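Coordinates in review
The lines below spell out each chain.
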Amino acid sequence: MESKLIVQHLTKIYGNNTAKAYEMLKQGLPNDEIRKKTKQVVGVRDASFAVNEGECFVIMGLSGSGKSTLLRCINQLIKPTAGKIILDGQNLAILPSKELIEIRRKKIGMVFQRFALLPNRTIVDNVAYGLEVQSMPRDERYKKSLAAIEMVGLKGWEHYYPANLSGGMQQRVGIARALATNPDVLLMDEPFSALDPLIRQDMQDELLEIQKKLHKTIIFITHDLDEALKIGERIALMKDAQIVQIGEPEDILLSPATEYVARFVENVNRSKALTASTVMMKPRSIIHPRTGPRTALHLMEKYGISSLFVTDQQGGLIGYIKPEDAAELINQGIKKLDTIIKDDAPTTNLDTPLSDLLEILAHTKIPVAVIDEQNILKGVLVRGAVIAGLAGERMRFDE
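Residues numbered from 1 in each chain as written. Predicted model: local features only at pLDDT ≥ 70, side-chain atom pairs only at ≥ 80, totals over all residues. Heavy atoms only, no water.

Describing the overall build of the protein
- Scanning the protein from N- to C-terminus turns up 18 helices and 16 strands.
- The buried share of the protein, reckoned over its 399 residues, is 50%.
- In the protein, the proportion of contacts linking residues at least 24 apart, taken out of those at least 6 apart, comes to 63%.
- In the form shown here, the protein has an accessible surface area of approximately 19800 Å², with 48% of it arising from carbon and sulfur atoms.
- Side chains of the protein give 51 positive and 50 negative charges; the mean places of these two sets differ by 6 Å. (Helix = DSSP H or I, 4+ residues; strand = E, 2+ residues; numbered from the N terminus. Buried < 20%, exposed > 50% of the residue type's maximum accessible area, 1.4 Å probe, protein only. Contact = heavy atoms within 4.5 Å. Areas by Shrake-Rupley, 256 points an atom, 1.4 Å probe, with all protein chains shown as cover. Lys, Arg positive; Asp, Glu negative; His and termini not counted. Charge placed at Lys NZ, Arg CZ, Asp CG, Glu CD.)

Structural data, given as structure tokens:
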């Protein structure tokens, strides 16, 4: 997949003698020692990562870890001490101010934690502000703004003022304002952290729905692990101005790179964070409709399993059979399985959270079939593997 944004060895040091501090940083000295010897503060330390086109990339960490500084370095609101920020092949760190302003206006959208709305402007005028700065004609910018307002679910509120809206609604305006300019990259700095928990969950869901439609490249900052696991396709975890691990949510949970990461994730609700694809297993055996009952029964006895999934030649799920039914066909001298294939197998999709499957797993007598959008059987879920996944063990093994 093509990278939309590449950050290479990005470093930010605060102070008036950064050169000496940077040399010490390159020598590997810790942040505290650099601060004691130079009075300079390391805000971001040698950060490198790439964000793919259309990806939602989350940067998370506790307060003071450097995540917001890193975000502001990306759009040059804060000038980095060293490193490259490459957007579509251009290094933003060395662009002249005029070119950088144009990129901010047209390619990068920003959503802030505290909404940053203009109180004396109506909602539609707030959303249209970025287009107004671009000198877009009034009719055209209002048309685009109204479309963005409708996308975030605020149709009918166009002519109200920010003070008339709740916190969640104001943040929707902030998102609409960023989307109205149709930016390539959307930077979101803890946009939901000031909201009440229930409103925050609604806004997370809203963002995911918008992303399904628009496929924007998003860099999302948060200090909340549950939020990161819900929103992020990949997560960069920061500590003491450094990125300590980058990976998909499952990687962060099941394969923490350091003791700090392990402690960070130890209390997370794994059933909400992990998906069916994380703990599914490859079926030990499958059969096709033309398979005879003797072969089917032999396979079940060989692998010690109490059911067999039946697929077509392309791997599409048809159903399953039970051993007692296969034995009855043998007794009757019937050589085809058609009459005993059951079509009530429990199924789920690859990205279904385990929390949505626990009740099904508790009551089903056969494994849950994991299928893709084309009904192709990709794997199966059994209780043992799910329990292991929830306990924090990575288990991808045969049934």
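Observations regarding the packing of aromatic side chains
- On inspection of all chains with the given rule, the structure shows four aromatic pairs.
- Consider the rings of Phe-192 and Phe-220, whose centres lie 5.7 Å apart with planes at 55 degrees: the pair is tilted. With Phe-192 in the loop between strand 7 (185–189) and helix 9 (197–214) and Phe-220 in strand 8 (residues 217–222), the pair connects residues that are 28 residues apart, well separated along the chain.
- Residue Phe-192 is classed as buried on the basis of its relative accessible area of 0%.
- Each ring, one from Tyr-260 and one from Phe-264, has its centre 5.7 Å from the other, and the planes form 50 degrees; the classification is tilted. (Phe/Tyr/Trp six-rings, centres within 6.5 Å; stacked < 30°, edge-to-face > 60°.)

Structural notes on the sheet that holds strand 16 (residues 377–381)
- In space, the three strands of this open sheet follow the order 14-15-16, with mixed pairing throughout. The two strands at the open ends of the sheet, each matched to only one other strand, are strand 14 (347–349) and strand 16. Between one strand axis and the next, the sheet turns by 35 degrees as a mean value, whatever way the strands run.
- In this sheet, strand 15 (residues 368–371) lies alongside strand 14 in parallel orientation, the contact comprising three bridges. Residue pairing in the sheet places Asn-349 in a bridge with Ile-371 of strand 15. (Pairing = 2+ DSSP bridges. Axes fitted to C-alpha atoms, helices over the stretch in contact; angles between N-to-C directions.)

Interpretation in functional terms is not warranted from these geometric data alone.
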